[in-house]
Amino acid sequence: MGTILCTTEGAAARDPEYHSRPGSAAPFSPAVRAGDFIFASGQIGMARDGTVPEAMAEQARLAMDNVRDALALAGASLDDVVKCTVMMTDMSQWADFNKVYVTYFKPGRLPARSAFGASDLAFGAGVEVECLAYKPLGAAQ
């Protein structure tokens, strides 16, 4: 059996950083940095005015824009994303979601991904996307 040794030698240990949107009353942080990783909370396809469009393509675009904006709060971008989880209320719309999703990432740099169907999502949304980004501390912001 091997031994795993973890150390923070040479690197400053830091507490997680919780990032919020100014004026938001949401009961969660849109992004949390824990070391070199940034966790973006699940984002639905909701417009700034609180509406959720009917079309999956528009919901997908808004959800991905909202993920992008959440990551930016912690100094990251979609280029830093390594894993996404997608929740959908109608898996028959998977192809419509994917057509939009792939446009948010550079060719050859698609994150690992999981997806599952859900009976309901907040505010009647049809899709929710959460992502994990890797951006080492001290990397250019």
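First, a word on what this report is: a plain description of the structure on this page. (Residues numbered from 1 in each chain as written. Predicted model: local features only at pLDDT ≥ 70, side-chain atom pairs only at ≥ 80, totals over all residues. Heavy atoms only, no water.)

### Structural notes on the overall build of the chain
Keep this limit in mind: Only DSSP runs of H or I with at least four residues qualify as helices, and only runs of E with at least two residues qualify as strands; both kinds are numbered from the N terminus onward. We call a residue buried when its accessible area falls under 20% of the maximum for its residue type, exposed when it is over 50%, and partly exposed in between, using a 1.4 Å probe and counting protein chains only. Whether two residues are in contact is decided by their heavy atoms, any of which lying within 4.5 Å being enough. The accessible surface values rely on the Shrake-Rupley method and a 1.4 Å probe; as for residues, cover is taken only from the protein chains in view.
Secondary structure summary: the chain contains 2 helices and 6 strands in total. Here the chain, with 141 residues, has 35% of them falling under the buried criterion. Here the contacts in the chain between residues at least 6 apart in sequence split such that 69% fall between residues at least 24 apart. On the chain, roughly 8,300 Å² of surface is accessible, and the fraction owed to carbon and sulfur atoms is 56%.

### Quick word on helix α2 (residues 94-101)
We apply this condition: Comment: arc refers to directions from the helix axis out to C-beta atoms.
Within the span of α2, buried status applies to F97, N98, V100 and Y101. For α2, the angular spread of buried residues about the axis comes to 165°, placing them on one side.

### A word on the pairing of strand β2 (residues 31-34)
For the record, the criterion: Pairing between two strands is assigned when DSSP locates at least 2 bridges connecting them.
Pairing geometry for strand β1 (residues 17-19) and β2, over 3 bridges, is antiparallel. Residue pairing in the sheet places H19 in a bridge with A31 of β2. A loop of 2 residues connects β2 with strand β3 (residues 37-44), the two strands running antiparallel in sequence, and G35 in this loop sits at a positive phi of about 65°.

### A closer look at the sheet that holds strand β6 (residues 127-134)
The condition that has to hold: To get an axis, a line is fitted to the C-alpha atoms, and for a helix only the part in contact is used. The angle between two axes follows their N-to-C directions and goes from 0 to 180 degrees.
In space, the 6 strands of this open sheet follow the order β1-β2-β3-β6-β4-β5, with mixed pairing throughout. Edge positions in the sheet fall to β1 and β5 (112-117), since each of these pairs with one other strand and no more. For this sheet the average axis-to-axis angle between neighbouring strands, irrespective of direction, equals 15°. Note that β3 and β6 share 6 bridges and pair antiparallel. Within β6, the position partnered with I38 by the bridge is A133.

### Some details on unusual backbone geometry
At F123, a position not held by glycine, the phi torsion is positive, near 60°. The residue F123 is located in the loop between β5 and β6 in this model.

### Overview of a nonpolar patch on the surface
In plain terms, the rule: Patches draw on residues past 30% relative accessible area with no salt bridge. Two like charges within 9 Å are joined, as are two nonpolar side chains (Val, Leu, Ile, Met, Phe, Trp, Tyr) within 5 Å. Should a side-chain nitrogen of Lys or Arg be within 4 Å of a carboxyl oxygen of Asp or Glu, the pair is scored as a salt bridge.
Taken together, the side chains of F37, F39, V82 and Y134 define a hydrophobic patch exposed on the protein surface, amounting to about 350 Å² of accessible area. Relative to the helices and strands, F39 resides in strand β3.

### Observations regarding the nonpolar core
This is how the line gets drawn: Nonpolar cores are built from buried Ala, Val, Leu, Ile, Met, Phe, Trp, Tyr and Cys residues. Side-chain atoms within 4.5 Å join them into one set.
In terms of nonpolar packing, the biggest core is built from 25 residues, with L71, L78, V81, F97, F105, V127 and V129 touching the most fellow members. Contributions of two or more residues to this core are made by β3, α1 (56-73), β4 (81-88), α2 and β6. The dominant element in this core, judged by the number of residues it contributes, is α1, at 6 residues. Among all residues touching V81, those that are not within four sequence positions of it are L71, F105, P111, C131, L132 and A133. Residues I44, A118, L121 and A125 belong to the second largest nonpolar core, which totals 6 residues.

### Some remarks on the packing of aromatic side chains
Aromatic ring pairs are defined here through the distance separating the ring centres and the angle between the ring planes. To keep things clear, this is the line we draw: By convention, a stacked pair of Phe, Tyr or Trp rings (six-membered ring in the case of Trp) has centres within 6.5 Å and planes under 30 degrees apart, an edge-to-face pair has planes over 60 apart, and any other such pair is tilted. We call a charge positioned above a ring when the Lys NZ or Arg CZ atom is no farther than 6 Å from the ring centre and deviates by at most 35 degrees from the ring normal.
Evaluated as defined, the whole model comprises 4 aromatic pairs. Judged by centre distance (5.9 Å) and plane angle (25°), the ring pair of W94 and F97 falls under stacked. A residue pair is termed a helical-turn pair when its members lie 3 or 4 positions apart in one helix, as W94 and F97 do in helix α2 at 3 residues. The class of F97 is buried, set by a relative accessible area of 0%. Considering the side-chain rings of Y101 and F105, the 5.0 Å spacing of their centres and the 55° angle between planes classify their relative orientation as tilted. When its relative accessible area of 2% is taken as the criterion, Y101 is described as buried. For F105, a relative accessible area of 8% puts it in the buried group. Here the aromatic cluster, defined as three or more aromatic residues joined through ring pairs, consists of W94, F97, Y101 and F105. Against the face of Y101 rests R113, its NZ or CZ located 4.4 Å from the ring centre.

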